[in-house]
Amino acid sequence: YSVNVESGEQILEWDATHQDTAGVYHKQLISADIFKNKIQWTFSNFFEDFPNITFSGSSLIIPQTWSHHLLRFDSATGLLEYLVNGQTEQTVYITATGHDGSPSFIPHIGDFGSFVIGRRFTGMLDEFMVQPRFAPDPVFSTYSQPSVLIHDTFGSSGAVETQPIDLGDIMGQVLKVDVSSGHYPARADSESALEFFIRAANNPYQLSNEPWKYFNPGAEIQGIQGRYVQIAAAFYPSGDGTVSPYLGEIRLSYLPNKAPAPPTHIIALARNGSVDLSWVPGREKDTAGYFVYYGTASGEYFGESASLGSSPIDVGNRTSIRIEGLQNGTLYYFAVVAYDSLEPLHIGDFSHEYSARPLWQ
């Protein structure tokens, strides 16, 4: 993309030292320069025993317009071909006779070379490539077709995956996902499209084991539950490759799966070497049981002396318990939490703290 197309502007230059078959050193040069609104190619001492070649295409370079230039060489035939926008502009046979059918001269890359792109050029350069093979005819679509969803993974082309999104609680339920999207450049009849997928797990490292599920943005989503959610989008350009979809924003609506609330109205009654605890259960229907925490310091529930075991004690789905094996005269502190039936257990918050001191009675 040349702004001015001024003669003397240089697209690229390779400058090196080449030793010929007689052992003599020569200056080796490859350059692409703008001359009279065309790109002029120069090869000096690049092909063995074929000293100098200079040629240009037949089409004029239009200022402030993109054009594609391809130079390719077939060592089997000696054909050096120059294409502009996919059309052949010039051919040169690097052979002993200058025609097809005679032995070709092989390129020889010199030593101590420097390669410079766009040193004296006003404009833009994009996708410069050097390939060690005869290049196929170029594809001029701006956007290539993406990889598709295969074996639960996306290819790197034309697809995007979010990082794991933490919903805060295990088994959170995704309700819907809204997105803002469009086409670039904007075109009413564009054939470009976006396709969306989602997966969830309670552990972010297990997401890769979960299959992707297709969903429609804005529509209700069924069967996606977990603490961590990942969303993927596949980008499909228009058929002519000139229009691409874009994704602006993702908004996720979900229902958190809160752990059961702690019990209320806890009563702690001191006995001889034990404490009786009882409480009123919460209203959550998914409560599967309770843990009782105890200890000898407020807020520090590390008790070990109870006959039922160390803190916390799993009392199951009961609302009372006698904790025996406690030391008379010692003040104990207690708190109760509820849990549900999920795996792993979804444990709720601590209740208010209660205390009691076992005594000889």
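Just above, that's the structure.
Residues numbered from 1 in each chain as written. Predicted model: local features only at pLDDT ≥ 70, side-chain atom pairs only at ≥ 80, totals over all residues. Heavy atoms only, no water.

## Concerning the sheet that holds strand β16 (residues 264-271)
No. 1: Taken together, the 3 strands give an open sheet; going across it, the order is β16-β17-β20, and neighbouring strands pair in antiparallel fashion. Unpaired on one side and paired on the other, β16 and β20 (320-324) mark the two borders of the sheet. Neighbouring strand axes in the sheet, compared pairwise and without regard to direction, differ in orientation by 15° on average.
No. 2: Two elements, β16 and strand β17 (residues 274-280), share 6 bridges in a ladder whose sense is antiparallel. Bridge pairing links A268 to L277 in β17. (Pairing = 2+ DSSP bridges. Helix = DSSP H or I, 4+ residues; strand = E, 2+ residues; numbered from the N terminus. Axes fitted to C-alpha atoms, helices over the stretch in contact; angles between N-to-C directions.)

## Digging into the nonpolar core
No. 1: W41, F43, F47, I53, F55 and I94 are the most contacted members of the largest nonpolar core, which totals 24 residues.
No. 2: Of all the secondary structure elements, the ones that give two or more residues to this core are β1 (10-19), β2 (25-35), β3 (38-47), β4 (50-56) and β6 (79-84).
No. 3: Of all the elements, β3 adds the most residues to this core, at 5 residues.
No. 4: Apart from residues no more than four positions distant in its own chain, F55 is found in contact with I39, Q40, W41, F43, L71, L80, Y82, Q90 and V92. (Core = buried A, V, L, I, M, F, W, Y, C linked by side-chain atoms within 4.5 Å. Buried < 20%, exposed > 50% of the residue type's maximum accessible area, 1.4 Å probe, protein only. Contact = heavy atoms within 4.5 Å.)

## Description of the environment of Y214
No. 1: Within the fold, Y214 resides in strand β13 (residues 213-215).
No. 2: A residue is classified by how much of its surface remains accessible, and Y214, at 43% relative accessible area, is partly exposed.
No. 3: Spatially, the C-alpha atoms of Y214 and L345 are 30 Å apart, while their sequence positions differ by 131 residues.
No. 4: A polar contact is formed between the side chain of Y214 and the side chain of N216, at a distance of 2.7 Å. (Polar contact = N/O pair within 3.5 Å; in protein donor to acceptor, adjacent residues only side chain to side chain.)

## A word on the pairing of strand β5 (residues 69-74)
No. 1: Inspection of the sheet shows β5 paired to β6 by 6 bridges, in the antiparallel sense. When the sheet's bridge partners are listed, R72 is paired in β6 with E81.
No. 2: Hairpin connection between β5 and β6: a loop of 4 residues separates the two successive antiparallel strands, and G78 in this loop has a positive phi of roughly 80°.

## Let's talk about the layout of surface pockets
No. 1: Empty space within the largest pocket amounts to approximately 1900 Å³.
No. 2: Forming the boundary of the largest pocket are 50 residues, of which H69, L70, L71, F128 and M129 lie nearest the centre.
No. 3: Of all elements in the fold, only β1, β2, β3, β5 and β8 (111-120) reach the threshold of two or more residues within the lining of the largest pocket.
No. 4: Of the residues assigned to the lining of the largest pocket, the class counts are 35 nonpolar, 10 polar and 5 charged. (1 Å grid on protein atoms, 1.4 Å probe; cavity = no way out; pocket = protein on both sides within 12 Å on 5 of 7 lines; lining within 4 Å. Points joined across faces, edges and corners; volume = space filled by probe spheres on them. Nonpolar A, V, L, I, M, F, W, Y, C, P; charged D, E, K, R; others polar.)

## Remarks on unusual backbone geometry
No. 1: Following S311, the chain continues into P312 via a peptide bond in cis, with omega recorded as 0°.
No. 2: Checked against the element boundaries, P312 lands in the loop between β18 (287-295) and β19 (313-316).
No. 3: Backbone geometry places N45, a non-glycine residue, at a positive phi of 55°.
No. 4: Relative to the elements of secondary structure, N45 occurs in strand β3.
No. 5: Unlike most non-glycine residues, H265 shows phi in positive territory, near 55°.
No. 6: H265 gets classed as exposed once you look at its relative accessible area, which sits at 60%.

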